[in-house]
Amino acid sequence: MENTKAHPSVKGWEDPNNSKYYVVIVQYTARLNADKLKNIIHRLNGSRIGKQYFNMRLCPEDVSDELSGYEHNAVSPIGIKAPLPVILSHRIAQLQPDFFFIGAGEVDLKVGLPAAEFIEKYTPMVLDCTYDDE
């Protein structure tokens, strides 16, 4: 995801609470709520920067390819090229049994692992970023 209205002082992803780019992981059956994500990230940065500087959208394909090192529909936080902040839907963290599948760098390749293990290894921000009706 890209914050298309990031404040001019935000150049990259060094501050995970106020990054231009994020890897966002939601369940296949869930729908990402970009407005909810925008509001959460605004609060994470302590509301230091006005809400007008937040607009979360999918990255253009060429930007995604460059940052991730993966092609469209194959992006994965596993082995990602740039150390982008990772946001994991709270619904994945709550799965019972504690197991989910994630892209593995190829369009038709997935890897399954416990959510707790993924959280321990990749230290994502676990956030409520999906619509509630899911």
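Quick notes on the rules
- Residues numbered from 1 in each chain as written.
- Predicted model: local features only at pLDDT ≥ 70, side-chain atom pairs only at ≥ 80, totals over all residues.
- Heavy atoms only, no water.
- Phe/Tyr/Trp six-rings, centres within 6.5 Å; stacked < 30°, edge-to-face > 60°.
- Helix = DSSP H or I, 4+ residues; strand = E, 2+ residues; numbered from the N terminus.
- Buried < 20%, exposed > 50% of the residue type's maximum accessible area, 1.4 Å probe, protein only.
- Lys NZ or Arg CZ within 6 Å of the ring centre and 35° of its normal.
- Pairing = 2+ DSSP bridges.
- Axes fitted to C-alpha atoms, helices over the stretch in contact; angles between N-to-C directions.

With that settled, consider the packing of aromatic side chains. Aromatic ring pairs are defined here through the distance separating the ring centres and the angle between the ring planes. Considering all chains together, one arrives at three aromatic pairs under this definition. A centroid spacing of 5.4 Å and a plane angle of 80° characterise the contact between Phe-99 and Phe-101, whose relative ring orientation is edge-to-face. Considering the side-chain rings of Phe-100 and Phe-118, the 5.7 Å spacing of their centres and the 90° angle between planes classify their relative orientation as edge-to-face. Here Phe-100 is found in strand S5 (residues 100-103), whereas its partner Phe-118 is found in helix H4 (residues 115-122), with 18 residues between them in sequence. For Phe-100, a relative accessible area of 6% puts it in the buried group. Phe-118 sits in the buried class, given a relative accessible area of 0%. One aromatic cluster is present, built from ring pairs that chain together Phe-100, Phe-118 and Tyr-122. Directly above the aromatic system of Tyr-131 lies the positively charged group of Arg-31, at a separation of 4.3 Å from the ring centroid.

This paragraph deals with unusual backbone geometry. Pro-97 follows Gln-96 through a cis peptide bond whose omega is 5°. Here Pro-97 is to be found in the loop between helix H3 (90-93) and S5. Non-glycine residue Thr-123 carries a positive phi angle of around 40°. By the secondary structure assignment, Thr-123 is in the loop between H4 and strand S7 (125-127).

Turning next to the sheet that holds strand S2 (residues 23-25). With parallel pairing, the three strands of this open sheet are ordered in space as S2-S4-S7. Only two strands of the sheet have a single neighbouring strand rather than two, namely S2 and S7. Taking the axes of each pair of neighbouring strands and ignoring which way they run, one obtains an average angle of 25° across the sheet. Looking at chain direction, S2 and strand S4 (residues 86-89) are connected through three bridges and run parallel. Each bridged residue has a counterpart across the sheet, and for Ile-25 the counterpart in S4 is Leu-88.

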